Amino acid sequence: MSEEKKEKKRLDLKRRSMPKQDEHERVKNFDEVALGYPVETAIEEARRCLQCKKPLCNQGCPVGIDIPGFIKFIVEGNFSAAVKRIKETNALPAICGRVCPQEEQCEKMCVLHNKKAPICIGRLERFVADWEAAQGKAEAPAMAAKTGRKVAVVGAGPAGITVANDLALLGHEVTIYEALHECGGVLLYGIPEFRLPKAIVRREVDYVRSLGVKIVTDFVVGKTRTVDKLLEEFDAMFVGSGAGLPWFMEIPGENLNGVFSANEYLTRVNLMRGFRFPEFDTPVKRPSRVAVVGGGNVAMDSARTAVRLGADEVHLVYRRSKAELPARAEEVENAEEEGVIFDLLTLPIGLIGDEHGWLRELECLRMELGEPDASGRRKPIPVKGSNFRVPFEALVMAIGNGPNPLIPMTTPGLTLNKKGGIQTEEATGQTSRPDIWAGGDIVRGAATVISAMGDGRVAAAAIHRYLLGK
Amino acid sequence: MYRIIERRMIVPNLHEFIVEAPAVAESVKPGNFVIVRPDDAGERIPLSVADWDASAGTVTSIFMQVGGSTAKLARLKPGAAVPTFAGPLGKETEIGAFGTVLCVGGCYGIGSIYPIARALKEAGNTVITLLEARSSYLLYWEDKLAAVSDKLIIVTRDGTKGAKGHIDRIPELLQRAGAVPDRVIVNGCTFQLMRTAEITKPLGWKTIVNMNPIMIDGTGMCGVCRLSVAGKMKFACVDGPDFDGHEIDWDEFLARRKTYNPEEVDPLRRSSCRSHF
Ligand SMILES: Cc1cc2nc3c(=O)[nH]c(=O)nc-3n(C[C@H](O)[C@H](O)[C@H](O)COP(=O)(O)OP(=O)(O)OC[C@H]3O[C@@H](n4cnc5c(N)ncnc54)[C@H](O)[C@@H]3O)c2cc1C
Ligand SMILES: Cc1cc2nc3c(=O)[nH]c(=O)nc-3n(C[C@H](O)[C@H](O)[C@H](O)COP(=O)(O)OP(=O)(O)OC[C@H]3O[C@@H](n4cnc5c(N)ncnc54)[C@H](O)[C@@H]3O)c2cc1C
Ligand code: SF4
Ligand code: SF4
Ligand code: FES
């Protein structure tokens, strides 16, 4: 047998699937869909890893987790060592394991990717994080001696939480200011319970609090107190205020009743628990025909939420084709299984209401794919005269969010980038103001949880250096 | 938690609500609002700020009991606490040396126009304050407002105090006072905002209205508070709540406010008693 043949024989190319809630059941509840690996499956999956001498997977991870390292511990059944290894670089593995676009990151770089069988890194990461949570108390990390330096963090999203975590471990006194009444940012108000249980987000926030981080909710920086006023009390500041400005399409009828931004729709359900109205006071509409415009994670989350709120028909209206859907593949599959209808190559051009101002119909154009554009995706072009109308009672705009302008608007001397976000120096996250750092969606525009955390990590290190030199 | 210093009904169905919130009291300006959650299951509802005391760290609002959330607030007693009290939110009302300013207040707006009139007076304006109510027993804070106004005009629907009638009499009452306002600022219920803007439009009086759409976060994140101003989409919580009343699409605004009536308002009208329907 040649060397190559031997190699092939040894390769286990069967990605272990993760059990899921049955699709007929799950559309009736908001419980988590993916159920996580049982121990045996996790070990089987971990055994597939080749433990590459020069692994590429790490390079696909924005925070550079030692992937073969933690996987090896799983093979050995030493789950606590596995978590510890991950937590050296990623404070929120239970969250990343669930929501990272792994197929675009770590798993894309895995050597087994070209055999169409990359290791299920995210699932393994989730497995060990959940294992740790099930053990009860997480092991307390070593904390540096107090430095007496004070840092303010704006926003309790993944970027802010990461910065707070890192700086607290380094001995600094950290206070997080959060505008809403609960922490987590998009993890809490945007991503639904069925994809990321809020108990996990609360657990992570509690953990950061246990490190001595002070958290002040209902505090809108720029309004309750300005950045400059806060800096009289603090030695440095990190801004992680996110991309909380919903975009609309600027087509007629967007202010009709029954038209929601995805942020409104998801906030009512997630943060305000509107799905349990009237037990919780915030109402949410339960229409029978719902259109969701967009093709990313936000659109999938909105469509699947509409299904769970009892809609008879939920249409996802997207102007390109299936191949270009920016959402995670797993979520597209879940949405399809749950009965979401994909109206692809379809462009909304107007919303038509009744005499009382309620949405009744959506007018669309059919599209066809032309030449690739700057992003490399084939550009959708409207087909002339292909207008058609479809009746809907509700429509959710899930076409994206821009950076929240509140801080830039109220803080002099902050240079902005092309997207209207805060400009930073890439290697450090430092802004045009020497005592202010920024990261996450307020810098990148709508990006990902892990990139927000990566920014937080980089900024925390830079802030630490700055504080030591001070 | 934010401690309630006072919550009392000052006139039928309108409550004075004083809350300990030092950080808000320290930064608040006339025209700002706060977001309040009555309890842990509660909605986030916006209330305009009617007064404050920075040294005591307290903030005062006047609220009307209309639906479930304001009913919950109305049941709270001094000494109790609310879990959320965030602010100050929204842009402050523009205060300048305008000349003569007509401040119009009705309903809860009698309260929230007060700090605006006070600031305008301090800025050297001639302040004419006009309060509108259905009847004299619904008026409050007249003394406070008189103290910061050059002239206080009262209009009641039933004529039990001041002039009889409603907001439509503004031009005539002002003429009688011998004044032409350089600016009109209105705080109160939506109908009053709209009606005042309609009346002042042909007269060419610049009219600022303090809008009150449905809100959730109050930070520009959800977009539920959007309205059309001069044909452009604006978010009341960050671009407003003050806008030029002559530029607002009022039909759209009124319709949007009714979005949740089927869920929230209609059940209130139902009764378990069989002699009702
Ligand atoms: C519905 C939805 C689904 C998504 N799904 C995925 C996914 O599957 N995978 C993935 O990787 N990414 C996903 N994303 C993107 C991801 O959630 C974001 O990129 C990430 O949360 C950004 O983190 P952040 O910390 O920069 O900001 P955010 O999470 O937006 O947090 C910002 C926080 O700052 C607070 N804040 C804002 N302004 C102020 C102020 N002035 N004062 C005080 N506090 C303030 C906000 O209230 C918020 O809590 C999704 C986004 C949405 C909306
Ligand atoms: C910037 C701003 C400032 C405000 N200031 C005050 C104030 O100082 N005092 C005061 O009494 N009220 C004020 N309001 C209105 C107040 O927020 C609503 O009356 C309150 O949210 C109603 O809640 P509810 O549950 O009691 O009634 P609901 O059951 O929610 O609704 C009852 C009725 O009120 C309307 N409504 C619902 N939500 C709102 C809302 N957020 N804003 C306006 N109308 C609504 C509905 O269309 C319905 O007709 C303000 C609103 C805004 C946006
Ligand atoms: S954090 Fe995300 S990208 Fe990094 S290893 Fe985990 S799943 Fe992959
Ligand atoms: S590249 Fe793939 S196979 Fe190699 S170490 Fe990383 S996860 Fe394992
Ligand atoms: S209240 Fe949510 S954007 Fe204004």
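Remember, it's a predicted structure, so these values are computed and weren't measured experimentally.

K.L.:
Would you mind showing me how to read the overall build of chain A here?
P.N.:
Counting its secondary structure elements, chain A contains 19 helices and 16 strands. Against the globule reference of 23 Å for 470 residues, chain A gives a C-alpha radius of gyration of 23 Å, in line with a compact fold. Counting the 470 residues in chain A, one finds 58% classified as buried. Long-range contacts, defined here as pairs at least 24 residues apart, represent 69% of the contacts in chain A between residues at least 6 apart. When the accessible surface of chain A is totalled, it reaches about 19,700 Å², and 53% of it is carbon and sulfur. Of the charged side chains in chain A, 64 are positive and 63 negative; the average position of the first set lies 4 Å away from that of the second.

K.L.:
Before we go on, may I ask you to explain the interface of chain B and chain A in this structure?
P.N.:
The figure often quoted for interface size is the accessible area lost as the parts come together. The interface of chain B with chain A comprises 45 residues on the first partner and 41 residues on the second. In this assembly, chain B packs against chain A so that about 3,400 Å² is buried in total across both faces, 54% of it on carbon and sulfur atoms. Of all residues in chain B, M221, R226 and Y260 of chain B give up the largest surface area on contact with chain A, accounting jointly for 20% of the area buried on that side. If you look at where chain B meets chain A, you find four salt bridges. For K72 of chain B, the salt bridge is made with D281 of chain A, and the minimal N-O distance between the two is 2.6 Å.

K.L.:
What am I meant to see in the domain arrangement of chain A here?
P.N.:
Residues and elements named next belong to chain A. When its domains are assigned, chain A resolves into domain 1 (8-135), domain 2 (150-244 + 402-469) and domain 3 (248-399). A straight line from the C-alpha centre of domain 1 to that of domain 2 covers 27 Å. Here domain 1 and domain 2 share an interface that buries about 1,800 Å² over both sides, 74% of which is from carbon and sulfur atoms. The largest share of the area that domain 1 buries against domain 2 comes from L92, I95 and V99, three residues that together contribute 30% of it. Counting the contacts that link domain 1 with domain 2 gives zero salt bridges. Remark: the boundary between domain 1 and domain 2 carries three residue pairs in polar contact (both at pLDDT 80 or more). Counting only elements with at least two residues in the side of domain 1 that touches domain 2, the list comes to helix 7 (93-99) and helix 9 (121-134).

K.L.:
Sorry if this is basic, but what is going on with helix 14 (residues 262-269) of chain A here?
P.N.:
A turn of α-helix holds 3.6 residues, and therefore any two residues three or four places apart point the same way. With eight of eight residues buried, helix 14 of chain A lies mostly within the body of the structure. Where helix 14 of chain A is concerned, the buried positions are A262, N263, E264, Y265, L266, T267, R268 and V269 of chain A.

K.L.:
What's the story with the pattern of salt bridges in this structure? I'm lost.
P.N.:
Two side chains that carry opposite charge are able to pair once their charged atoms sit near each other. With the rule as written, the count across this model stands at 59 salt bridges over all chains. Across the pair D301 of chain A and R195 of chain A runs a salt bridge, and its minimum N-O distance is 2.7 Å. Placement of D301 of chain A in helix 15 (residues 297-308) and of R195 of chain A in the loop between helix 11 (186-189) and helix 12 (198-210) is noted, with a sequence separation of 106 residues between them. Considered together, D301 of chain A and R195 of chain A belong to a single accessibility category, that of buried residues. In this structure, K161 of chain B and E142 of chain B form a salt bridge, with 2.8 Å as the shortest nitrogen-oxygen distance. Residue K161 of chain B is located in the loop between strand 11 (151-156) and strand 12 (163-164), and its partner E142 of chain B is located in helix 4 (residues 142-147); the two are separated by 19 residues in the primary sequence. Overall, K161 of chain B belongs to the partly exposed group, its relative accessible area being 35%. Overlapping salt bridges, with partners in common, bring together K20, R26, R195, D301, R304, R308, R328, E330, E331, E333, E337 and E338 of chain A in one network.

K.L.:
Sorry if this is basic, but what is going on with the packing of helix 6 (residues 190-200) of chain B against helix 8 (residues 250-257) of chain B here?
P.N.:
Two packed helices can be described by the angle between their axes and the distance between those axes. Residue and element names in this part refer to chain B. With their axes 11 Å apart at the nearest point, helix 6 and helix 8 run at an angle of 175° to one another. On the basis of the axis angle, helix 6 is roughly antiparallel to helix 8. When helix 6 is examined against helix 8, the residues T190, L193, M194 and A197 are found in contact with a partner set consisting of W250, F253, L254 and R257. Tallied by class, the residues present in the contact of helix 6 with helix 8 amount to six nonpolar, one polar and one charged.

K.L.:
Before we go on, may I ask you to explain the nonpolar core in this structure?
P.N.:
When a protein is soluble and globular, its nonpolar side chains tend to lie buried together. Formed by 72 residues in total, the largest nonpolar core has its most connected members in I67, F70, I74, L124 and I463 of chain A. Among the elements that make up this core, the one with the highest residue count is helix 19 (residues 449-469) of chain A (nine residues). Counting only domains with at least three residues in this core, you end up with domain 1 (8-135) and domain 2 (150-244 + 402-469) of chain A. Not counting residues up to four positions away in its chain, the partners in contact with L124 of chain A are Y37, A42, E45, A46, F70, I71, I74 and I119 of chain A. Formed by 54 residues, the second largest nonpolar core is a distinct cluster that contains I251 and L395 of chain A together with I128 and V238 of chain B.

K.L.:
Please clarify how the site of ligand 1 should be interpreted in this entry.
P.N.:
Residues and elements named next belong to chain A. The local shell around ligand 1 holds 35 residues, among which V99, E178, R195, V221 and D441 are the closest. Contact distances for ligand 1 include 3.0 Å between an oxygen atom and a backbone N or O atom of V186. Those elements that provide at least two residues to the shell around ligand 1 are helix 10 (158-169), helix 15 and helix 19. Ranked by residue count, the leading element in the shell around ligand 1 is helix 15, at three residues.

K.L.:
Got a minute to help me understand the pairing of strand 2 (residues 173-177) of chain A in this structure?
P.N.:
Side-chain positions along a regular strand alternate between the two faces of the sheet. Residues and elements named next belong to chain A. Of all five residues in strand 2, four are buried, a share of seventy percent or more. Viewed along the sheet, the connection from strand 1 (residues 150-154) through helix 10 into strand 2 turns out right-handed. Two strands pair when backbone bridges link them, and strand 2 and strand 3 (residues 214-216) are joined in this way by three bridges, in the parallel orientation. Bridge pairing in strand 3 links I176 to I215.

K.L.:
Before we go on, may I ask you to explain the environment of T89 of chain A in this structure?
P.N.:
Residue and element names in this part refer to chain A. Structurally, the position occupied by T89 is in the loop between helix 6 (79-87) and helix 7. When the C-alpha positions of T89 and G454 are compared, they lie 9.1 Å apart, and in sequence the two are 365 residues distant. If we ignore the near neighbours within four places in the chain, the residues touching T89 are V63, G64, I65 and R457.

K.L.:
Which parts of the structure should I look at to understand the side chain of R16 of chain A?
P.N.:
Residue and element names in this part refer to chain A. When you line up the elements, R16 lands in the loop between helix 1 (3-10) and helix 2 (23-26). Polar contacts involving the side chain of R16 include one to the main-chain carbonyl oxygen of K14, which spans 2.5 Å. When sequence neighbours within four positions are dropped, the list of residues in contact with R16 reads Y37, T41, E44, E45, R48, C120 and R123.

K.L.:
Would you mind showing me how to read the site of ligand 3 here?
P.N.:
What surrounds ligand 3 is a group of 13 residues, the closest being C61, C100, Q105, C106 and E125 of chain A. The residue inventory of the shell around ligand 3, partitioned by class, reads nine nonpolar, three polar and one charged.

K.L.:
Explain the sheet that holds strand 12 of chain B here, please?
P.N.:
Note on sheets: strands pair through backbone hydrogen bonds, and any given pair is parallel or antiparallel. Residues and elements named next belong to chain B. Read from one edge to the other, the open sheet built from seven strands follows the order 12-11-10-9-13-14-17, with strand pairing classed as mixed. Both outer strands of the open sheet, strand 12 and strand 17 (242-244), are each paired with one neighbouring strand and no more. Strand direction decides the pairing type here: strand 9 (residues 100-106) and strand 10 (residues 126-133), joined by seven bridges, are parallel. Note that in strand 10 the partner of L102 across the bridge is I128. Contacting strand 9, strand 10, strand 11 and strand 12, helix 5 (residues 170-177) crosses the sheet at an angle of about 145° to strand 11.

Procedures and definitions
- Here the residue numbering is sequential within each chain, running from 1 through the sequence in written order.
- Both sets of labels track the order of writing: A upward for chains, 1 upward for ligands.
- For a predicted model such as this one, the threshold for reporting local features is a pLDDT of at least 70, and the threshold for listing and counting side-chain atom pairs is 80 or more; totals across whole chains, interfaces and linings nevertheless cover every residue.
- The side-chain quantities take in all heavy atoms of the structure and omit both hydrogens and water.
- Going along the chain from the N terminus, every DSSP run of H or I of four or more residues is numbered as a helix, and every run of E of two or more is numbered as a strand.
- Restricting the calculation to C-alpha atoms gives the radius of gyration, and the globule rule supplies 2.2 Å times the number of residues raised to the power 0.38.
- Each residue gets one of three labels from its accessible area relative to the maximum for its type: buried under 20%, exposed over 50%, partly exposed in between, using a 1.4 Å probe on protein chains only.
- Any two residues whose heavy atoms approach within 4.5 Å at even a single point are treated as in contact.
- Each accessible area value is a Shrake-Rupley result obtained with a 1.4 Å probe; residue values ignore everything except the protein chains displayed when judging cover.
- Only four residue types enter the tally: Lys and Arg on the positive side, Asp and Glu on the negative side; His and the chain ends are excluded.
- Here the site of a charge means NZ on Lys, CZ on Arg, CG on Asp, or CD on Glu.
- The buried area of a pairing is the accessible area, by a 1.4 Å probe, that goes missing from both parts when the two are put together, added over both.
- Salt bridges are defined as contacts in which a side-chain nitrogen from Lys or Arg sits within 4 Å of a carboxyl oxygen from Asp or Glu.
- These domain limits were set by an automatic method or by a database of domain assignments.
- Distance and chemistry together define a polar contact, namely a pair of N or O atoms within 3.5 Å, with one atom able to donate a hydrogen and the other to accept it when in protein, and with adjacent residues in sequence counting only for side-chain atoms on both sides.
- To get an axis, fit a line to the C-alpha atoms, keeping to the stretch in contact for a helix; angles then go from 0 to 180 degrees between the N-to-C directions.
- For classification purposes, angles smaller than 35 degrees are called roughly parallel, those larger than 145 roughly antiparallel, those between 65 and 115 roughly perpendicular, and all remaining angles oblique.
- Amino acids outside the nonpolar list (Ala, Val, Leu, Ile, Met, Phe, Trp, Tyr, Cys, Pro) and the charged list (Asp, Glu, Lys, Arg) are all regarded as polar, and Gly is one of them.
- To qualify as a nonpolar core, a set must consist of buried Ala, Val, Leu, Ile, Met, Phe, Trp, Tyr and Cys residues joined through side-chain atoms within 4.5 Å.
- Any residue with at least one heavy atom within 4 Å of a molecule or strand is counted as near it.
- Seen with its strands pointing away from the viewer, a crossover is right-handed if its path from the first strand over the helix to the second goes clockwise.
- By the convention used here, strands pair only if DSSP detects at least 2 bridges between them.

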